[in-house]
Structures are given as structure tokens and as C-alpha cells.
Amino acid sequence: MKGIYVFALPPKFPRGDLKSQLYSAEIQRELAEKIDFLETLHSVEELESRREDLRQAELIFTGWGMLELTKEQVRDYFPNLKAIFYAAGSVQRFARPFLQCGIRLYSAAGANAVPVAEYTAAQIVLAGKGFFQASRLYQREGMQAARAHTMKMPGNYGAKVGIIGAGMIGKRVIGLLKNYRLDVLVFDPFLPQEKAQELGVRKVELSELFSECQTISNHLANNEKTKGMLDYALFSRMKPNAVFINTGRGAQVVEEDLCRALREEPGRTAVLDVTWPEPVEEGHAFYSLPNVILTPHIAGSMADELGRMGAYMRDAFLCYEKGEPCSYEVTLSMLETMA
């Protein structure tokens, strides 16, 4: 069986030797016992010079920076390709041409969902205590000002938390929040009522979620239908001391509308791990608004957490090799609703 590692990492996304961070030396040895690997592919520019070489490839092991190819390129350069193992999160950027050519695709999005959910649950708990603005107020205006802000917050006993999107990450966040006495509301048109009951959450419309919830966390799928979905009509409904957390995608937020709502009620807070574009453009209000907390897209896997994704793809390969079903497999129809 012939395999190849594909790592065409964009310069704007430096992570050092990403291949070895995702696929540890141990996992690479395990795979090499079963697979004859070709030389790593790094760019689209290499395709033509390696045409005969790439024709042999039956499996691709990859991660962030996976090549975006057309169906014609897939058929031309990878005529014998059977499966792709993607040790990263969303496959939306590159998946369709491969799936349309009948190539099976496995994603470690489930592994990447773990740190995102952990990060989000931590932010939700901190939000209920008024942590974000209080920490800044203490440094800027002193302890009394910070305490005054926290006294307006409800804490984490019985507070309403809104989860927008109960996909892989949203469900994990809900699971982690079960350790707290919180009232969780969910917006997700694709979540069956019986599943909502099983999760212990209440399904509501977006308008109700924004009006009622103390903390709101976005986990919408990233597609054209969700772009700009979160706008002023929703942000203006937020409580005067509510917190909006975004670890989903920045394009889902109309950022000018969010800024307007934050200016109107300075007690509101936005905790943004993602924006559109990234990084935030120079001079944007996000840099100057005191009730905006920016973090540099760190909710997902980082450092040693990257190894979890390679391990997931090793396990996916073992299922593939045995002809067994695998929960990490992505199908064409799944792309319509997944992140």
C-alpha cells in the first residue's frame, strides 16, 4: 500500500515542523510498518514534475495546508487515491473535489473539538463571574470599580447559557457544562427534539437565546448560509451585562453591528478568539473598545494537543485497513451541516 504525506503549509500559518507535531515519530513508525511512503508533497507546483510518482499514491496523510485541487487535478495526478486522513479540523476548504471523485475522507475534527470545547467551557464559567472586564477595571480604575462590575453579574448558579450550534463542538461544550448548575439554551435547526432532551437543553430561536442568556457562545457551521448571520437585530437583544464568546468563525458575525451593541451597553462583553479577517485590521474598533477581549485563535489544538489529531488519524487508518466503520469519516452530505 502506497501512502504520502502532504504538507503545503501556508506561510501565514507557521507552526514549525507541523508534520512531526501532528504525526509523532511513534505514529509515523507505526504507519510505516504497513504503508510504503513516497516523498512528502509540499506544493501544487510539484504536481507535474512528480506525476508518475503521485500516480502510485493510494493514501494521503495530511493536516492544515492540505492542497486545494479541482476534480480534474485529482483524477489526473491521483488516479489511484483511495482515502485521505486529515489531522486537523474543518475539511470544507478542500474536501468536495476529492469526495466527488469517490475518495474517502477522514477528519480529526473530533480531536480538535476537544480543546475548543475545554476553552469555551472555561470562558463561560469566567464570564459568569465578570472576569473579563473586572480584570481590566482593576488595573485601570482599582479594586472597587472591578468589584462594582462583578456585583452586576449572576455567577454560575442557575444562569442561562446560550449555545449557537450543537454540532461536534457545541455538544462537547454542553457535556462539560453538566458539571455546573446552568440552564443551557440551544439554537440548532438540525438538532432533533429528542436529542435536545437527551442533552438536557432547551431548543429556542436565536432571538430568544440572545434575549434570555447571560452568556452566548457561537459554534455555527462555517458556510455561506451562516455568513453574517449574527447581526445587530440579535446583538441589540443582549442583556446589559451579557457576554458573547466566539470560537466559531469571524465571518458569521457582522462586526460593525457587534461594536454598535457593545458601545450602547458598555457592560456587555465580547470574547473573540476568531475574527474576519484575521488578524483584525489596523484601526478596527476591536482594538480600542474596553469591553472586547481578543485572543489569537488559540481555542483549537496547539503545542502538544496537536498530537491527539495524528493519533485519531492513525486509528482511522486502522479501521480503514480492516474495513470497519469509523466515526471520523466525512461524507459529501455531511458538508452541508458541519463546521
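Above this note sits the structure.
Here we summarise the structure given alongside this text. The shown structure was predicted, so the numbers you read here are calculated from the model rather than taken from an experiment. (Residues numbered from 1 in each chain as written. Predicted model: local features only at pLDDT ≥ 70, side-chain atom pairs only at ≥ 80, totals over all residues. Heavy atoms only, no water.)

Observations concerning the pairing of strand 7 (residues 181–187)
Then step 1. For strand 7, a buried count of five out of seven residues is recorded, marking the element as mostly surrounded by other parts of the structure.
Then step 2. Note: strand 6 (residues 157–164) against strand 7, six bridges, orientation parallel. From the neighbouring strand, Ile164 faces strand 7, where its bridge partner is Phe187.
Then step 3. For the handedness criterion, the β-α-β arrangement of strand 6, helix 9 (residues 168–177) and strand 7 is classed as right-handed.
Then step 4. In terms of strand pairing, strand 7 meets strand 8 (residues 202–203) through two bridges, oriented parallel. Paired with Leu185 across the strands is Arg202, a residue of strand 8. (Buried < 20%, exposed > 50% of the residue type's maximum accessible area, 1.4 Å probe, protein only. Helix = DSSP H or I, 4+ residues; strand = E, 2+ residues; numbered from the N terminus. Pairing = 2+ DSSP bridges. Right-handed = clockwise from strand over helix to strand, strands pointing away.)

Points about the side chain of Gln214
Then step 1. Tracing the chain through its elements places Gln214 in the loop between helix 11 (206–212) and strand 9 (215–218).
Then step 2. Every residue in contact with Gln214, bar those within four places of it in the chain, is listed here: Met153, Pro154, Lys160, Lys239, Asn241, Ala242 and Val243. (Contact = heavy atoms within 4.5 Å.)

Concerning the packing of aromatic side chains
Then step 1. Inspection of the entire model under this criterion finds 19 aromatic pairs.
Then step 2. Between Phe61 and Phe85 the ring centres are 4.8 Å apart and the planes differ by 15 degrees, which places this aromatic pair in the stacked class. Within this pair, whereas Phe61 is found in strand 3 (residues 59–62), its partner Phe85 is found in strand 4 (residues 83–86), the two being separated by 24 residues in sequence.
Then step 3. Its relative accessible area of 0% is what places Phe61 among the buried residues.
Then step 4. Judged by centre distance (6.3 Å) and plane angle (80 degrees), the ring pair of Tyr106 and Tyr320 falls under edge-to-face. Residue Tyr106 is found in strand 5 (residues 104–107), and its partner Tyr320 is found in helix 14 (residues 306–322); the two are separated by 214 residues along the sequence.
Then step 5. Relative accessible area serves as the criterion here: at 0%, Tyr106 is assigned to the buried category.
Then step 6. Looking at Arg181, its charged tip hangs above the ring of Tyr157, at a distance of 5.3 Å from the centre. (Phe/Tyr/Trp six-rings, centres within 6.5 Å; stacked < 30°, edge-to-face > 60°. Lys NZ or Arg CZ within 6 Å of the ring centre and 35° of its normal.)

Quick word on the nonpolar core
Then step 1. Counting 57 residues, the largest nonpolar core has Tyr23, Phe78 and Phe85 as its most contacted members.
Then step 2. Sorting elements by how many residues they give to this core places helix 14 first, with nine residues.
Then step 3. Leaving out residues up to four positions away in the same chain, Tyr23 has contacts with Tyr5, Phe7, Gln28, Leu31, Phe61, Thr62, Phe85, Ala87, Gly310 and Met313.
Then step 4. Among the nonpolar cores identified, the runner-up in size contains 28 residues, and Leu209, Leu220, Val280 and Phe286 belong to it. (Core = buried A, V, L, I, M, F, W, Y, C linked by side-chain atoms within 4.5 Å.)

Some points on the sheet that holds strand 13 (residues 329–330)
Then step 1. Strand order across the open sheet formed by six strands is 2-1-3-4-5-13, with mixed pairing between neighbours. A single partner strand is all that each edge strand has here, and the edge strands are strand 2 (36–37) and strand 13.
Then step 2. For strand 1 (residues 2–6) and strand 3, the ladder comprises four bridges, and the chain directions are parallel. By the bridge assignment for strand 3, Tyr5 is matched with Phe61.

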